Amino acid sequence: NENENENRKNINSNTPHNPKWKPFEIIKTFMIGMTGGAIAPLVGVGGGIVTIPLMTKILSLPQHHANSSSLCAIALTGCIGSYDYFMGDYVHLPSALIIAFSAMITAKFSLQYSSQLDERTLKNLFGVLLLLVAPLVPLKLYLSKHSSNEHKKDIEIISLSQVIKLSIAGSAAGFLAGMFGVGGGVIMVPILVLFGNFTYLQAVGTSLFAIIFPALSNTIKLLSLGTLQIPIALPLAIGSGVGTSLSAKYIVSKNNINEIYVQSTFVLLLIFVAVRSIKFPPHIKNQILSIFKKIN
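Bear in mind the structure is a predicted one, so any value in this text is a computation, not a measurement. (Residues numbered from 1 in each chain as written. Predicted model: local features only at pLDDT ≥ 70, side-chain atom pairs only at ≥ 80, totals over all residues. Heavy atoms only, no water.)

**Student:** Can you break down the overall build of the protein chain residue by residue, with the values?
**Tutor:** Across its full length, the protein chain carries 13 helices and zero strands. Split into buried and exposed, the 296 residues of the protein chain put 47% on the buried side. Per element, the accessible surface of the protein chain, about 14,500 Å² overall, is 65% carbon and sulfur. (Helix = DSSP H or I, 4+ residues; strand = E, 2+ residues; numbered from the N terminus. Buried < 20%, exposed > 50% of the residue type's maximum accessible area, 1.4 Å probe, protein only. Areas by Shrake-Rupley, 256 points an atom, 1.4 Å probe, with all protein chains shown as cover.)

As structure tokens, this is what we get:
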């Protein structure tokens, strides 16, 4: 296929080297994955928001390959993260399947579009994504505290309006998964709670389960193109799974976590990384970074 060959060429042209199975690189990648997996449950975002900037900085990985590796990790962490929700009956399967179907469609096209972008453009767009995600982090905290006190609700999806809402949530998540290698839960969960009559736990469980499918399909697509770097993707995925599991157990066992402080710090970090990612004029970037230094 001519388009697939062109996509492979565009992605590989941004790769400075072909990673090999080097012990020190594997350890670094595993630690990056574990860091992202541990932070994600604390602040209510997918691990890709954390791991992608770390991979581009610490591993000097091109943005395209960082996004691809993150997709592989999302598939595994989605399975691990949604298991307890599924067993607790917090995953609404009909809704999850509608979301997954919509997400798989948009993820396919956004992955193709992403592969055609140059490194600088994709990095700028990822920086914009971080700026957009930042205000959604405290919104998810607010929803978790002020949404319905019920643990479960009976959710009907027979109405056309409900199907449309779920499709919009899935389409948005799929676009983010294919374009940037992130799960999209930070967008899906507010939509499901505010417009879908989900409790917070149901929204998190359903979105986690749904995103597995577009992440898996795009991972298989990248494998077929030969552009997924297994020596990076595999340790990242395993590390993310370990970090997610440990963090979830810690959250359950500790009831005195200062969520406002943790999430406020994370929001500032997101904005800081976004500013460094986006190619602003030098004098504007220096002014913004100086503000962060004063805050710290």
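**Student:** Lay out unusual backbone geometry in plain terms, naming residues and giving numbers.
**Tutor:** Unusually for a residue other than glycine, Ser60 sits at a positive phi of about 55 degrees. Position of Ser60 relative to the elements: it lies in the loop between helix H3 (48-58) and helix H4 (63-87).

**Student:** Mind laying out the nonpolar core, listing which residues take part and the relevant values?
**Tutor:** Soluble globular proteins tend to pack their nonpolar side chains together in the buried interior. Ile49, Met55, Leu129, Phe180, Val182 and Leu270 are the most contacted members of the largest nonpolar core, which has 62 residues in total. Not counting residues up to four positions away in its chain, the partners in contact with Ile49 are Leu129, Leu130, Val133, Val182, Phe266 and Leu270. (Core = buried A, V, L, I, M, F, W, Y, C linked by side-chain atoms within 4.5 Å. Contact = heavy atoms within 4.5 Å.)

**Student:** Quick rundown of the side chain of Thr206? Include the residues and the values.
**Tutor:** Its place among the elements puts Thr206 in helix H10 (residues 200-225). Within the structure, the side chain of Thr206 is placed 2.7 Å from the backbone oxygen of Gln202, a separation counted as a polar contact. Contacts of Thr206, omitting those with residues within four sequence positions, involve Tyr90, Val91, His92, Ser95, Ala96, Ile99 and Phe198. (Polar contact = N/O pair within 3.5 Å; in protein donor to acceptor, adjacent residues only side chain to side chain.)

**Student:** Please give an account of helix H5 (residues 93-115) that cites residues and values.
**Tutor:** Here H5 is 23 residues long and its end C-alpha atoms lie 32 Å apart, about the 33 Å a rise of 1.5 Å per residue gives. Among the residues of H5, Ser95, Ala96, Ile98, Ile99, Ala100, Ser102, Ala103, Ala107, Ser110, Leu111, Ser114 and Ser115 are the ones counted as buried. (Expected span 1.5 Å × (residues − 1).)

**Student:** Outline the environment of Ile271, listing residues and values.
**Tutor:** Structurally, Ile271 is set in helix H12 (residues 259-277). In the structure, Ile271 is positioned 143 residues away from Val128 in sequence and 9.4 Å away in space, judged by C-alpha atoms.

**Student:** I'd like a description of the pattern of salt bridges, backed by residues and values.
**Tutor:** If charged atoms from side chains of opposite charge come close, those side chains can pair. Following the criterion strictly, the structure yields one salt bridge and no others. Ionic pairing is found between Glu25 and Lys28, a salt bridge with its closest N-O pair at 3.3 Å. Highlighted residues: Glu25 and Lys28, both in helix H2 (residues 23-43), separated by three residues, approximately one helical turn. (Salt bridge = Lys/Arg side-chain N within 4 Å of Asp/Glu carboxyl O.)

**Student:** Describe the packing of aromatic side chains, listing the residues and the values that go with them.
**Tutor:** To describe a pair of aromatic rings, one takes the distance between the centres and the angle between the planes. Counted under the stated rule, the structure contains three aromatic pairs. Pairing Phe126 with Phe180 gives two aromatic rings, centres 6.2 Å apart and planes at 55 degrees, and the pair type is tilted. Residue Phe126 is located in helix H6 (residues 119-133), and its partner Phe180 is located in helix H8 (residues 160-180); the two are separated by 54 residues in the primary sequence. Residue Phe126 is classed as buried on the basis of its relative accessible area of 2%. (Phe/Tyr/Trp six-rings, centres within 6.5 Å; stacked < 30°, edge-to-face > 60°.)

**Student:** I'd like to hear about the packing of helix H9 (residues 185-195) against H10, residue by residue, with values.
**Tutor:** Between H9 and H10, the shortest axis-to-axis distance is 9 Å and the interhelical angle comes to 135 degrees. On the basis of the axis angle, H9 is oblique to H10. Between H9 and H10 lies a crossing of right-handed hand. For the pair H9 and H10, contact is made by Met188, Val189, Leu192 and Val193 and by Tyr200, Ala203, Val204, Ser207 and Ile211, respectively. Here the contact of H9 with H10 is built from residues that sort into eight nonpolar, one polar and no charged. (Axes fitted to C-alpha atoms, helices over the stretch in contact; angles between N-to-C directions. Parallel < 35°, antiparallel > 145°, perpendicular 65-115°, else oblique. Left-handed = near helix turned anticlockwise from the far one by under 90°. Nonpolar A, V, L, I, M, F, W, Y, C, P; charged D, E, K, R; others polar.)

**Student:** Quick one: what's the story with H3, residue by residue and with numbers?
**Tutor:** In terms of burial, H3 is largely enclosed, as eight of its eleven residues are buried. When we look at burial in H3, the residues that qualify are Gly48, Ile49, Val50, Thr51, Ile52, Pro53, Met55 and Thr56. Where H3 terminates, the next one or two residues include Ser60, which has phi positive at roughly 55 degrees.

**Student:** Talk me through the packing of H5 against H10; I want residue IDs and the actual numbers.
**Tutor:** Interhelical geometry of H5 versus H10 gives an angle of 35 degrees and a closest axis separation of 8 Å. Crossing of H5 against H10: the hand is right-handed. Of the residues in H10, those in contact with Leu93, Ser95, Ala96, Ile99, Ala100, Ala103, Met104, Ala107, Lys108 and Leu111 of H5 are Thr206, Phe209, Ala210, Phe213, Pro214, Ser217, Asn218, Lys221 and Leu222. Partitioning the contact of H5 with H10 into residue classes produces 13 nonpolar, four polar and two charged.

**Student:** Tell me what's going on with the confidence of the model for the protein chain, and back it up with residues and numbers.
**Tutor:** Scored by pLDDT, the protein chain has a mean of 78; 75% of the residues are at 70 or more. Within the protein chain, helix H1 (residues 2-12) has the poorest average pLDDT of any element, 50, and H5 the best, 89. Taken as a whole, residues 13-17 scores under 50 in pLDDT and shows ten contacts with residues more than four places along the chain or in a different chain. (pLDDT = per-residue confidence, 0-100.)

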